[in-house]
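Read off the chains here:
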Amino acid sequence: MAVKVIARNRKAAHDYFLGSRYEAGLVLTGSEIKSIRAGRVSLREGYVQEREGELWLVGCHIAVYEEAGRFGHSDPMRPRKLLLHRREIRQISSQLRERGMAAVPTSLYLDHGLAKMEIAVARGKRQYDKRRAIAKRDSQRQIERALHQRG
């Protein structure tokens, strides 16, 4: 098993229309990767921001690794640099400049021991879009239930 999913951001699919997806590496400290391996991560409030031609992950919470002592990271919400190819950075940056577009983390996983993050360029949903998606999901569940009871 090469890929182990650590965290998913299910709220992103509810709040955004997800578009193109990219795989990015993360610049982490030793205690941060240990916290990630322990599964103590939250992607819920995270987003990607462009700063001086680089992409940074902002708002993701990686819990402090207590066993690290004084050498561990002390700020669980610090911005973390994303590692992507220049071409991908240019593509994402140009899409982020459009009105209503954002880049959000959708999942964090370990690929052969390295922390990788899937980010998606997304457009925000309106409230009525969210209600429509919930209604569609509920009706689909009712159909599945009815078919299951018949068969």
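Whatever comes next refers back to the structure up there.
To keep things clear, this report deals only with the structure shown in the data block. Throughout this description, residue numbers start from 1 for each chain and increase along the sequence as written. Note on the predicted model: pLDDT of at least 70 is required for a residue's local features to be given, and 80 or more for side-chain atom pairs to be given and counted; whole-chain, interface and lining totals, by contrast, use all residues. The side-chain numbers reported here are obtained from all heavy atoms of the structure, hydrogens and water having been left aside.

1. A word on the environment of Ser31
Definition in use: Helix and strand definitions follow DSSP, with helices as H or I runs of at least four residues and strands as E runs of at least two, each counted in order from the N terminus. Partly exposed residues are those whose accessible area sits between 20% and 50% of the maximum for their type, while under 20% is buried and over 50% is exposed, using a 1.4 Å probe and protein chains only. We call two residues in contact whenever any of their non-hydrogen atoms come within 4.5 Å of each other.
With respect to the element layout, Ser31 can be found in helix H2 (residues 30–37). What makes Ser31 buried here is its relative accessible area of 7%. Remark: the alpha-carbon pair of Ser31 and Asn9, spanning 22 residues in sequence, is separated by 22 Å. What Ser31 contacts, discounting residues up to four positions off in sequence, is Tyr65, Ala68, Gly72 and His73.

2. Digging into the side chain of Lys130
The condition is simple: N or O atoms within 3.5 Å of each other form a polar contact, as long as, within protein, one can give a hydrogen and the other can take it, and as long as residues adjacent in sequence are counted only when both atoms are side-chain atoms.
Summarising the element assignment, Lys130 is placed in helix H4 (residues 127–150). Among the polar contacts listed, one links the side chain of Lys130 to the side chain of Asp15, at a separation of 3.3 Å. Setting aside chain neighbours within four positions, we find Lys130 in contact with His14, Asp15 and Lys125.

3. Points about H2
Along H2, the residues that are buried comprise Ser31, Glu32, Ile33, Ser35 and Ile36. With its phi angle positive at about 80°, Gly39 sits one or two positions after the end of H2.

4. Here we look at the pairing of strand E5 (residues 54–58)
Quick reminder of the rule: Pairing between strands requires that DSSP locate at least two bridges from one strand to the other.
Burial within E5 is extensive, with 4 of its 5 residues counted as buried. Inspection of the sheet shows strand E4 (residues 47–51) paired to E5 by 5 bridges, in the antiparallel sense. Paired with Arg51 across the bridge in E5 is Glu54. Turn length for the E4-E5 hairpin, with the two strands adjacent in sequence and antiparallel, is 2 residues, and the turn residue Glu52 shows positive phi of about 50°. With 2 bridges connecting them, E5 and strand E7 (residues 80–83) associate as antiparallel partners. Across the sheet, Trp56 pairs through a bridge with Lys81, a residue of E7.

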